[in-house]
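A look at the structure
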Amino acid sequence: MAMVYIPPQANTEAAPSDLYKDLNCSQIGNPDAAVIVAGNFNQANLKKVMPDFHQHIDCTTMGTNTQDHCYTPFKNSYIAESLPMFGSKLQFQKSNHPDRGTSLPGTETASNRTARSCREWFVQLQYSRRSSTCLKNIYTRCCKKAKRIIKDPNHPDNSQDKGASFLAITTIYAESGSGFVVPSASAKAGVEALYKSLAAEWGRYGHRFNIIQPGPIRTKGAFSRLDPTGAFEKKMIDRIPTGRLGKPQEIANLAAYMSSNYATWMSGAVIRLDGGEYVSMAGEFNELRRVTPDQWKMMEAMIRNTKGS
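A short tour of the structure in this document, coming up. Quick caveat: nothing in here was measured; it's all calculated off a predicted structure.

Description of the pattern of salt bridges
Summed over the entire model, instances satisfying the criterion amount to nine salt bridges. Between arginine 272 and glutamate 175 there is a salt bridge, with the nearest N and O atoms lying 3.2 Å from each other. With a gap of 97 residues between them, arginine 272 in strand 7 (residues 270-273) and glutamate 175 in helix 6 (residues 173-176) connect regions that are remote in the sequence. Judged by its relative accessible area of 31%, arginine 272 falls in the partly exposed class. A residue is classified by how much of its surface remains accessible, and glutamate 175, at 45% relative accessible area, is partly exposed. As a salt-bridge pair, arginine 290 and aspartate 238 come within 2.9 Å of each other at their nearest N and O atoms. Residue arginine 290 is located in the loop between helix 11 (277-282) and helix 12 (293-304), and its partner aspartate 238 is located in helix 9 (residues 231-238); the two are separated by 52 residues in the primary sequence. On the accessibility criterion, arginine 290 (45% relative accessible area) is partly exposed.

Comments concerning the nonpolar core
Counting 16 residues, the largest nonpolar core has Cys142, Phe166, Ala168, Tyr195, Leu198, Trp202 and Phe209 as its most contacted members. For this core, the secondary-structure elements that each account for two or more residues are helix 5 (127-151), strand 5 (165-169), helix 7 (182-202) and strand 6 (208-214). Counting residues per element, this core draws most heavily on helix 7, which supplies six residues. Among all residues touching alanine 168, those that are not within four sequence positions of it are Val191, Tyr195, Asn210, Ile211 and Ile212. Counting residues in hydrophobic clusters, the runner-up holds 14 residues, among them Ala2, Ala15, Val35 and Tyr71.

Re the sheet that holds strand 3 (residues 54-55)
Judged by pairing direction, the sheet is mixed, and its four strands sit side by side in the order 1-2-4-3 without closing on themselves. The two strands at the open ends of the sheet, each matched to only one other strand, are strand 1 (2-5) and strand 3.

A closer look at helix 7
With 21 residues, helix 7 ought to run about 30 Å at 1.5 Å a step, and its terminal C-alpha atoms sit 30 Å apart, in line with that. Among the residues making up helix 7, those that are buried are Pro183, Ser184, Ala185, Ala187, Lys188, Val191, Glu192, Leu194, Tyr195, Leu198, Ala199 and Trp202.

With respect to the side chain of histidine 207
Looking at the element boundaries, histidine 207 is found in the loop between helix 7 and strand 6. Among the polar contacts listed, one links the side chain of histidine 207 to the backbone oxygen of alanine 146, at a separation of 3.4 Å. Here the side chain of histidine 207 touches alanine 164 through a polar contact of 3.1 Å, landing on its backbone nitrogen. The residues contacting histidine 207, other than those within four sequence positions of it, are Ala146, Ile149, Ile150, Gly163, Ala164, Phe166, Trp202 and Ser267.

Observations concerning the pairing of strand 2 (residues 37-40)
The sheet contact formed by strand 1 and strand 2 spans four bridges and is parallel. Looking across to strand 2, one finds that alanine 2 is bridged to valine 37. As defined by bridge partners, strand 2 adjoins strand 4 (residues 68-72) across four bridges and the pair is classed as antiparallel. Note that in strand 4 the partner of valine 37 across the bridge is tyrosine 71.

Thoughts on the pairing of strand 6
Of all seven residues in strand 6, seven are buried; the element is thus mostly enclosed. Of the two faces of strand 6, the one carrying Arg208, Asn210, Ile212 and Pro214 and the one carrying Phe209, Ile211 and Gln213 are both buried. Where strand 5 meets strand 6, five bridges bridge the pair, whose relative direction is parallel. Note that in strand 6 the partner of phenylalanine 166 across the bridge is phenylalanine 209. Relative to strand 7, strand 6 runs parallel, the two sharing four bridges. Pairing of isoleucine 212 across the sheet is with isoleucine 271, part of strand 7.

Some remarks on helix 12
Taking 1.5 Å per residue as the helical rise, helix 12 with its 12 residues ought to reach 16 Å, and the 17 Å between its terminal C-alpha atoms agrees with that figure. Judged by how many residues are buried, helix 12 sits mostly at the surface: zero of 12 residues are covered.

As for the packing of aromatic side chains
Taken as a whole, this structure holds four aromatic pairs when the rule is applied. Seen in terms of ring centroids, tryptophan 202 and phenylalanine 209 are 6.4 Å apart; in terms of plane orientation they differ by 50°. Their pairing is tilted. For the pair formed by tryptophan 202 and phenylalanine 209, the shared burial category is buried. Chaining the aromatic ring pairs together yields one cluster made of Phe166, Tyr195, Trp202 and Phe209. Positioned over the ring face of tyrosine 278 is arginine 272, at 4.0 Å from the centre of the ring.

Criteria and cut-off values
- Per chain, residue numbering runs from 1 following the sequence as it is written.
- Two thresholds apply to this predicted model, a pLDDT of at least 70 for residue-level local features and 80 or more for giving and counting side-chain atom pairs, whereas whole-chain, interface and lining totals are computed over all residues.
- Remark: hydrogens and water are excluded; side-chain values derive from all non-hydrogen atoms of the structure.
- Salt bridge, as used here, is a side-chain nitrogen of Lys or Arg placed within 4 Å of a carboxyl oxygen of Asp or Glu.
- Only DSSP runs of H or I with at least four residues qualify as helices, and only runs of E with at least two residues qualify as strands; both kinds are numbered from the N terminus onward.
- Any residue under 20% of the maximum accessible area for its type is buried, any over 50% is exposed, and the rest in between are partly exposed; the area is computed with a 1.4 Å probe on protein chains only.
- Here, the term nonpolar core denotes a set of buried Ala, Val, Leu, Ile, Met, Phe, Trp, Tyr and Cys residues that are joined through side-chain atoms within 4.5 Å.
- Residues count as neighbours in contact if any of their non-hydrogen atoms are within 4.5 Å of one another.
- Strands are treated as partners if at least two bridges between them are detected by DSSP.
- The span expected for a helix works out to 1.5 Å for each residue beyond the first.
- Think of a polar contact as two N or O atoms within 3.5 Å of one another; within protein, one of them needs to be a possible hydrogen donor and the other a possible acceptor, and neighboring residues in sequence only count if both atoms come from side chains.
- Centres within 6.5 Å make a pair out of two Phe, Tyr or Trp rings, where for Trp the six-membered ring is used; the pair is then stacked when the planes are under 30 degrees apart, edge-to-face when over 60, and tilted otherwise.
- A ring has a charge above it when a Lys NZ or an Arg CZ is no more than 6 Å from the ring centre and no more than 35 degrees off the ring normal.

Spelled out as structure tokens, the structure:
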């Protein structure tokens, strides 16, 4: 969920465009997430740059104006109800709450407003909150289940020969890091560290912890929103040696094997399933694959004719 405050002095044309860029990066990092954008937009309108989103608030929120908006890709999913104002407008403007992440009207200079980037006042995509939520959810679900099995001597899975299999789906940039998806990369790197640590600590109880790092997998829901023109998909395929995107069934097949009795000796493993994308981007000479046979012959002749150091 993204919570937004756009100051009255902001450029109402540029602000939604900058906001769209941040939201797009967030969606790329979390393609299966339900996106909700809410807050005080003043005179700005997000629907101009995101026409597939629906604005659900139709009642007045500030005097006779509707300054507070709630956008989602789901039509008729919310109903707005007008409630009394909480506190006074004057108190809000003078407030300098640490959670707001941005100066309020009347507390910032013109130069600061000019220099302010979208990320500085787009306080909804807070790194710490999003990362900690992902890690906390994984930790809670994983550890509670494992501890319950460990503590119950009569549990059918409580033996060295049985135990439970835990599988995490992360991403290839959890290992390398990546720009524009910092919260996602940090959280998933934390999940990988958690699973590898628990594999070492709780393997004695028969528990197995493994990880799949998938590359780009084409799904209709994600790509129709994140890459409607198909331009980004072409660039992704161009850097994948196998020449195509992955399929959901391929992840399902690998996950079924890693969780089955055929893989009871596999624990603490990180399996990369990306068509060779990671190693292709990592090698500095991998771009030589673009050299044609005729160019190779010319290069070979030039090398053979070169003498000395």
